[in-house]
Amino acid sequence: MALAAVLPALARRLALSRQHLRSPLPSVTAFSRSYRGDSPSDSQKDMIEIPLPPWQERTDEPIATKRARLLYESRKRGMLENCILLSLFAKEYLHQMTEKQLNLYDRLINEPSNDWDIYHWATEAKPAPEIFENEILALLRDFAKNKNKEQRLRAPDLEYLFEKPQ
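Residues numbered from 1 in each chain as written. Predicted model: local features only at pLDDT ≥ 70, side-chain atom pairs only at ≥ 80, totals over all residues. Heavy atoms only, no water.

**Things to note about the packing of helix H3 (residues 80–93) against helix H5 (residues 115–122)**
Defined as follows: Here an angle of 0 to 180 degrees is reported between the N-to-C directions of two axes, which are lines fitted to C-alpha atoms, with helices fitted over the stretch in contact. Numbering of helices and strands starts at the N terminus; helices are DSSP runs of H or I of at least 4 residues and strands are runs of E of at least 2. For classification, angles of less than 35 degrees are called roughly parallel, those exceeding 145 degrees roughly antiparallel, those between 65 and 115 degrees roughly perpendicular, and all remaining angles oblique. Should the near helix be turned anticlockwise from the far one by less than a right angle, the crossing is left-handed, and should it be turned clockwise, the crossing is right-handed. Residue contacts are counted whenever heavy atoms from the two residues lie within 4.5 Å of one another.
At a closest axis distance of 10 Å, the pairing of H3 and H5 adopts a crossing angle of 55°. Here H5 runs oblique to H3, going by the angle between their axes. The handedness of the crossing between H3 and H5 is left-handed. Facing H3, whose interface residues are Glu-81, Asn-82 and Leu-85, H5 presents Asp-115, Trp-116, Ile-118, Tyr-119 and Ala-122.

Structure below.
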């Protein structure tokens with residue numbers, strides 16, 4: 001007899017639990033979230049703009065220090081794609097760049113506030129602003145094409161820094 005009284009209450013409780021699994025809020029379904037992307041109706045009021053200091057050329061920096069800094073900055077990016085692309089590019093070309101070329105490379109990797117811009121310019125997915133169209137970006141674009149079909153899955157180890165030049 002007691003079991004007959006408990007079963008309806010247990011059944012109601014299980015039904016509520018199943019509904020709660022579908023959605024924690026009673027009026028919201030589990031599929032109510034969606035990607036807004038770059039839709040024209042997006043006001044982007046929920047975006048926070050973080051002001052970055054403007055890029056400044058370091059004219060008093062010794063060339064060896066500049067190379068070391070650019071090597072580090074090529075390896076430590078905000079996204080893995082650029083870490084791999086720029087660190088391998090730096091390994092290949094940084095040691096032979098002139099001071100003028102180092103300054104162009106410095107501007108290319110440090111002035112844009114969005115790492116995706118650099119990646120899109122290097123892979124020619126988007127055109128670069130005129131100020132970045134120079135010999136270094138052309139060299140980076142050619143490097144990004146990977147004409148030798150090298151396997152580029154990670155940033156290079158740093159042992160090459162300690163090898164004697166040939």
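**Observations concerning the pattern of salt bridges**
What counts is decided by this rule: Any Lys or Arg side-chain nitrogen found within 4 Å of a carboxyl oxygen on Asp or Glu counts as a salt bridge. For the exposure calls, accessible area comes from a 1.4 Å probe over protein chains only, and a residue counts as buried if that area is under 20% of its type's maximum, exposed if over 50%, partly exposed in between.
This structure, assessed with the given rule, holds 10 salt bridges. The closest approach of N and O atoms between Glu-61 and Arg-69, which form a salt bridge, is 2.8 Å. The buried category is assigned to Arg-69, whose relative accessible area is 13%. In this structure, the salt-bridge partner of Glu-133 is Arg-141, at a minimum N-O distance of 3.0 Å.

**Quick word on the nonpolar core**
Counted only if it meets this: By convention a nonpolar core is built from buried Ala, Val, Leu, Ile, Met, Phe, Trp, Tyr and Cys residues, the set being connected through side-chain atoms within 4.5 Å.
Within the largest apolar cluster, 23 residues are counted, with the highest numbers of intra-cluster contacts made by Phe-89, Leu-94, Met-97, Tyr-105, Leu-108, Leu-137 and Leu-140. If you list the elements that add at least two residues to this core, you get helix H2 (63–75), H3, helix H4 (99–110), H5 and helix H6 (135–144). Element by element, the count of residues in this core is highest for H3, at 7 residues. Not counting residues within four places of it along the chain, the set of residues in contact with Leu-94 comprises Arg-67, Leu-70, Leu-71, Phe-89, Leu-102 and Tyr-105.

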